[in-house]
Amino acid sequence: MSLTFHWFLPTNGDSRHVVGGGHGTPATAFGRDRPPTVAYLTQIARAAESLGFVGALTPTGAWCEDAWLTTAMVSQNTEHLKFLVAFRPGFVSPTLAAQMASTFQRQTGGRLLLNVVTGGESQEQRAYGDFLDKDARYRRTDEFLQVVRELWQGRTVDLKGEHLQVEGATLARLPDPVPEVYFGGSSPIAGEVAARHVDVYLSWGEPPAAVAEKIAWIRALADKEGRSIRFGIRLHVITRDTAEQAWAEARRLLDGFDTETVRSVQAGLARSESEGQQRMLALHGGSRDDLEIHPNLWAGIGLVRGGAGTALVGSHDEVAERIAEYHRLGIDEFVLSGYPHLEEAYWFGEGVLPRLQAQGLWTHPFRADAQPVAQVPFAGGGSPR
């Protein structure tokens, strides 16, 4: 089975520096360096498609552009790339969401994947009119996915739940194929929802031992439900021809974090209700020291960015080795990103993917006769900067 790689569409803006934001914190000023126009996001999407990424994740929240609308526009400029659209189930009815997904599938030739984000920050949820607490939001997500799943199977749905109520809900046209559902969460109730409903459980990039524990936890819960779940991981990447070049780039990014921004972002993230976010914060403790928390796993991104805060850093061979290490734990899908997202897609796609292909771990999803691409991303092996 070939590993699956997804890239990221930076709908909060892009830069040669880290663009912060997420989990109740606003996007940092660097997000204005490359605004998230449809034209620029299309550049990234086309590059990812050409390189062999299966899909591209788009985030959700007040800090970025709307994922549904943005991907609908970018999809018209691509042919094969799927879109892993993050959305919050409390903001639209389950019947409307099921209908939107069905329409998206027809208009894109079946290129929608759904990343269900329950919403970890009550303050941001309240800004959208959602006043449930965290556990209640997960119970609502459980009901939401029950309705959506049944609608996609062509059933007429009646539900009078704790948080949602529908009567005679049905879809005139079913999605083909049914979109796969991606989901992440580290709290006990999140695990229960994942076991009942999702196709792919996503973890942020923790050290392998911690990821192995989460896989075992979710797998055991899914077994009780009589279900099988695939596993994915969300990471940034800094990969270069040599380890020295990669770590020099990591240091350059770290040097761009001014002290006040780090302090402000960490203070905001410390208030997060997300257990996953608290696990990310514990990896670095707000300090610039000792950020390599596992060989080639760097926690520096999390100093200024909410959500995924770790990066694989190293030579192409080293990054390929770490990916293989996570795969041995049970990870089959990798959702990756890097700054800037256009250039870093080429560094990874032309540097790491050929090595994984040579090991029999990856094949290009859109070109059955694909040969390994050149392993030097830019003419002369130099930096794109």
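The structure reproduced in this document is the subject of the present report. Throughout, a residue's number is its position along its own chain's written sequence, starting from 1. Selection of residues for local features in this predicted model requires a pLDDT of at least 70, selection of side-chain atom pairs for listing and counting requires 80 or more, and totals for whole chains, interfaces and linings are taken over all residues. To obtain the side-chain values, all non-hydrogen atoms of the structure were used and water was disregarded.

Before going further, it helps to spend a moment on the layout of surface pockets. The way it works is a 1 Å grid over only the protein atoms, where trapped points that fit a 1.4 Å probe form a cavity and open points with protein on both sides within 12 Å along at least five of seven lines form a pocket, and then any residue with an atom within 4 Å of a point lines it. Grid points are joined across faces, edges and corners, and a volume is the space filled by probe spheres set on the points. In this model, the largest pocket occupies a volume close to 420 Å³. Contributing to the lining of the largest pocket are 22 residues, with His23, Gly24, Thr25, Gln123 and Gly268 lying nearest its centre. Secondary-structure elements contributing two or more residues to the lining of the largest pocket are α4 (122–127) and α9 (259–270). Where helices and strands are cited, they refer to DSSP runs of H or I of at least four residues and of E of at least two residues respectively, numbered from the N terminus. Tallying contributions element by element places α9 first for the lining of the largest pocket, with five residues. Under the grouping applied here, Gly and all other residues not named as nonpolar or charged are polar, the nonpolar ones being Ala, Val, Leu, Ile, Met, Phe, Trp, Tyr, Cys and Pro and the charged ones Asp, Glu, Lys and Arg. Tallied by class, the residues present in the lining of the largest pocket amount to seven nonpolar, eleven polar and four charged.

Turning our eyes to something else, we now look at the packing of helix α2 (residues 67–75) against helix α3 (residues 94–108). Under this scheme, a helix contributes an axis fitted over its contacting stretch, all axes are lines through C-alpha atoms, and angles between N-to-C directions fall in the 0 to 180 degree range. Orientation of α2 relative to α3, taken along the N-to-C sense of each, is 15°, at an axis distance of 10 Å. In this view, α2 runs roughly parallel relative to α3, as classed from their interaxial angle. Regarding α2 and α3, the two cross each other, and that crossing is left-handed. Where α2 approaches α3, its residues Trp68, Thr71, Ala72 and Ser75 are matched on the opposing element by Met100, Ala101, Phe104 and Thr108. Tallied by class, the residues present in the contact of α2 with α3 amount to five nonpolar, three polar and no charged. Angle categories: roughly parallel below 35 degrees, roughly antiparallel above 145, roughly perpendicular from 65 to 115, and oblique for all the rest. For any pair of crossing helices, the crossing counts as left-handed if the nearer helix is rotated counterclockwise from the farther one by less than a right angle, and right-handed if it is rotated clockwise. Only heavy atoms matter for contacts: two residues are in contact if any of them lie within 4.5 Å across the pair.

Salt bridges are defined as contacts in which a side-chain nitrogen from Lys or Arg sits within 4 Å of a carboxyl oxygen from Asp or Glu. One pass over the full model with this rule turns up 17 salt bridges. A salt bridge links arginine 34 to glutamate 343; its shortest N-O distance comes to 2.9 Å. In this pair, arginine 34 sits in the loop between β1 (4–8) and α1 (38–51) while glutamate 343 sits in helix α12 (residues 341–351), placing the two residues 309 residues apart along the sequence. When accessible area is computed with a 1.4 Å probe and restricted to protein chains, residues below 20% of their type maximum are described as buried, those above 50% as exposed, and intermediate ones as partly exposed. With relative accessibility at 17%, the residue arginine 34 sits in the buried group. Classification of glutamate 343 by relative accessible area gives buried; the value is 10%. For glutamate 333, the salt bridge identified is with arginine 230, shortest N-O distance 2.7 Å. With glutamate 333 in strand β13 (residues 333–337) and arginine 230 in strand β9 (residues 230–240), this residue pair connects regions lying 103 residues apart in the sequence. A relative accessible area of 3% places glutamate 333 in the buried class.

A word on unusual backbone geometry. For the bond from aspartate 176 to proline 177, the omega torsion is 0°, close enough to zero to count as cis. Summarising the element assignment, proline 177 is placed in the loop between β6 (165–169) and β7 (181–183). A cis amide bond, omega -10°, links tyrosine 339 with the succeeding residue proline 340. Looking at the element boundaries, proline 340 is found in the loop between β13 and α12. Positive phi is not limited to glycine here, since aspartate 290 has a value of about 55°. By the element assignment, aspartate 290 lies in the loop between α10 (275–284) and β10 (292–294). With a relative accessible area of 73%, aspartate 290 lands in the exposed category. Of note in the backbone geometry, asparagine 296 takes a positive phi value of approximately 70° without being a glycine. Along the chain, the position of asparagine 296 falls in the loop between β10 and β11 (297–298). Overall, asparagine 296 belongs to the buried group, its relative accessible area being 7%.

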